[in-house]
Amino acid sequence: MLGMIRNSLFGQHEETPYKLLSSETKDGVSYEVRRYEGGRFASVESEGRGFDEAAGESMKKLLKYVGGSNDRGQGLGMTAPVCITAFLRDDGSWTRRFVFGLRVPSGFQECPPVPTETGVRIDDRPGMTVYALQFGGFAKEVDYRTQAARLATALGDSAPYQRGLYLCCGYDPPMKPYGRRNEVWFLQEEP
C-alpha cells in the first residue's frame, strides 16, 4: 500500500513529447497549439456506458497491459497523458462511445508487447496538431465538457478543427491529491 501511494504521489512517467507551435489567449481563455508525432498506443474501446463508468473499467485494462499483462509478461512503465476520445453527435452532445489510449513507452514503440487482456489492442496513430486547454482538479465528464465548451467559444466557428470528437487528457495518477493536470484537445484539421 505504501509503495502504491509513493508511486502515485512521486512516481515517474514518460510524457508524450510535442512541439509547441504557439500559446494564445482569446476571450480570457489561454490555450496552446501543439504538434504531436505519430506512434503506437494501447487502446480500449467502450460503447454503451457513461464516461465515468467506462473510464474506470478501461483504465484498469490499460494499467494491466503496461503492468505486465502482455505476451512478454513485462512491465512497460507508465506514460502520460491518458487520452480519451469522446465522440460527438451533430448537436455537440456526447455519444456513449469512447476510445481510451495510452502511448506505448518509447523503448517499446518499435515492437510493443502484444496485449493478453481482452479488449486491449495496439493502434498506430498518425501525428496530429491540437488546440490544448489545460485545467486542474479531479476531472470528471462534466469538467471535460465545460472546458471543451470554453475552448470552442475561444476558437470560434472559423478555427480549423474536427467537430465530431475531442480528446479528454489526464496526466496524473488517481491518488495525486493536488497540482493535477488535465487537458481538452481539439484536433486541427490536417491539410
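Here, the structure is the one placed above.
The rules behind each value
- Residues numbered from 1 in each chain as written.
- Predicted model: local features only at pLDDT ≥ 70, side-chain atom pairs only at ≥ 80, totals over all residues.
- Heavy atoms only, no water.
- Core = buried A, V, L, I, M, F, W, Y, C linked by side-chain atoms within 4.5 Å.
- Buried < 20%, exposed > 50% of the residue type's maximum accessible area, 1.4 Å probe, protein only.
- Contact = heavy atoms within 4.5 Å.
- Helix = DSSP H or I, 4+ residues; strand = E, 2+ residues; numbered from the N terminus.
- Pairing = 2+ DSSP bridges.

Visitor: Describe the nonpolar core, with residues and values.
Guide: Of all hydrophobic cores here, the largest spans 38 residues; its most connected members are Trp94, Tyr131 and Phe186. Excluding residues within four positions of it along the chain, Phe186 makes contact with Thr129, Val130, Tyr131, Ala148, Leu151, Ala152, Leu155, Tyr161 and Tyr166. Counting 14 residues, the second-largest nonpolar core is a separate cluster that includes Tyr36, Ala80, Cys83 and Phe87.

Visitor: Break down unusual backbone geometry for me, citing the residues and quoting the values.
Guide: Of note, the bond from Ala80 into Pro81 is cis; its omega dihedral lies within 30 degrees of zero at 5°. Inspection of the secondary structure assignment puts Pro81 in the loop between strand S5 (79-80) and strand S6 (82-88). The phi dihedral of Asp27 falls on the positive side, at around 55°, and the residue is not glycine. Following the sequence through the fold, Asp27 ends up in the loop between strand S2 (18-26) and strand S3 (29-36).

Visitor: So what about the pairing of S6? Which residues, and what values?
Guide: For S6, the buried fraction is high: seven of the seven residues fall into the buried class. Of the two faces of S6, the one holding Val82, Ile84, Ala86 and Leu88 and the one holding Cys83, Thr85 and Phe87 are both buried throughout. Note that S6 and strand S7 (residues 94-103) share six bridges and pair antiparallel. The partner of Cys83 across the bridge, within S7, is Gly101. With antiparallel pairing between neighbouring strands as the criterion, S6 and S7 make up a hairpin whose turn holds five residues, including Gly92 at a positive phi of roughly 90°. With six bridges connecting them, S6 and strand S10 (residues 165-170) associate as antiparallel partners. When the sheet's bridge partners are listed, Thr85 is paired in S10 with Leu167.

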